[in-house]
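Here's the letter readout for the chains.
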Amino acid sequence: MVVPAVLPQILLEAVNADMLVVTVNGDRLAATPIRRDEITGTVTELVARLGSATRVEVRELDGSVHADILTPPTPESRSPFAPPDDHAPAPVTVPSLLEFTADGFVPGEDVAVALILRHSSAGPTGTVRALIDRGEQPSIRGEVILLGRISGTTSVQQIG
């Protein structure tokens, strides 16, 4: 096994007695915390995806820290006479999340999150026409809009 010069890091930070927030190499893994009974499965899957020795650290509410270095499971050796594995799992990348925050929304309201594909200008009567190609693959760059469905609060932010 090749051990990288800088180990990948999985950090689990307790937010209360039952829930932990997971980050991988500084990027928050999920929008919501995980339960303590999900730690083993989550960490095992992440270490396997990272494919190298990984530092795993748990930070508790009382300030204590538990750390270990875990290695991914060794792949099962295949016979040279075995048929090719057509059902090999596709490589999975660890998500890299972007966070956008804004104030002024009604507590509990639904807030739409939208990527801006392009801009269009309104005509002399104030009407605008926008065309979207269904085959277009949007990219995560440019701007994002947060739109409160009740309050009408709108926040336009650069994707950075």
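Everything below is about the structure shown above.
Attention in this report is confined to the structure presented alongside it. (Residues numbered from 1 in each chain as written. Predicted model: local features only at pLDDT ≥ 70, side-chain atom pairs only at ≥ 80, totals over all residues. Heavy atoms only, no water.)

**A word on the overall build of the protein**
Of regular secondary structure, the protein possesses 1 helix and 9 strands. Walking the protein from its N terminus toward its C terminus, one meets helices and strands in the order β-β-β-β-α-β-β-β-β-β. In the protein, which comprises 160 residues, the proportion classed as buried is 21%. Considering only contacts within the protein whose residues lie at least 6 apart along the sequence, 50% involve residues at least 24 apart. (Helix = DSSP H or I, 4+ residues; strand = E, 2+ residues; numbered from the N terminus. Buried < 20%, exposed > 50% of the residue type's maximum accessible area, 1.4 Å probe, protein only. Contact = heavy atoms within 4.5 Å.)

**Concerning the environment of Asp68**
Examined against the element boundaries, Asp68 turns out to sit in strand S6 (residues 65-70). Each C-alpha atom of the pair Asp68 and Thr54 lies 8.3 Å from the other, and the pair is 14 residues apart in sequence.

**Focus on helix H1 (residues 39-50)**
An ideal rise of 1.5 Å per residue puts 16 Å on 12 residues; H1 measures up with 16 Å between its terminal C-alpha atoms. Inspection of H1 places Ile39, Thr42, Val43, Leu46 and Val47 among the buried residues, and these make up the whole buried set. Projection of H1 onto a plane perpendicular to its axis shows the buried side chains occupying an angular sector of 125 degrees, all on one side. Positive backbone phi, at 70 degrees, marks Gly51, one or two positions downstream of H1. (Expected span 1.5 Å × (residues − 1). Arc of directions from axis to C-beta.)

**Remarks on the pattern of salt bridges**
Scanning all chains against the criterion turns up 7 salt bridges. Here Arg35 and Asp37 are joined by a salt bridge, their closest N and O atoms 3.2 Å apart. Accessibility expressed as a relative area gives 42% for Arg35, which makes it partly exposed. For Asp37, a relative accessible area of 59% puts it in the exposed group. Salt bridges here are not isolated pairs; linked through shared partners, they connect Glu13, Arg55, Glu57 and Arg59. (Salt bridge = Lys/Arg side-chain N within 4 Å of Asp/Glu carboxyl O.)

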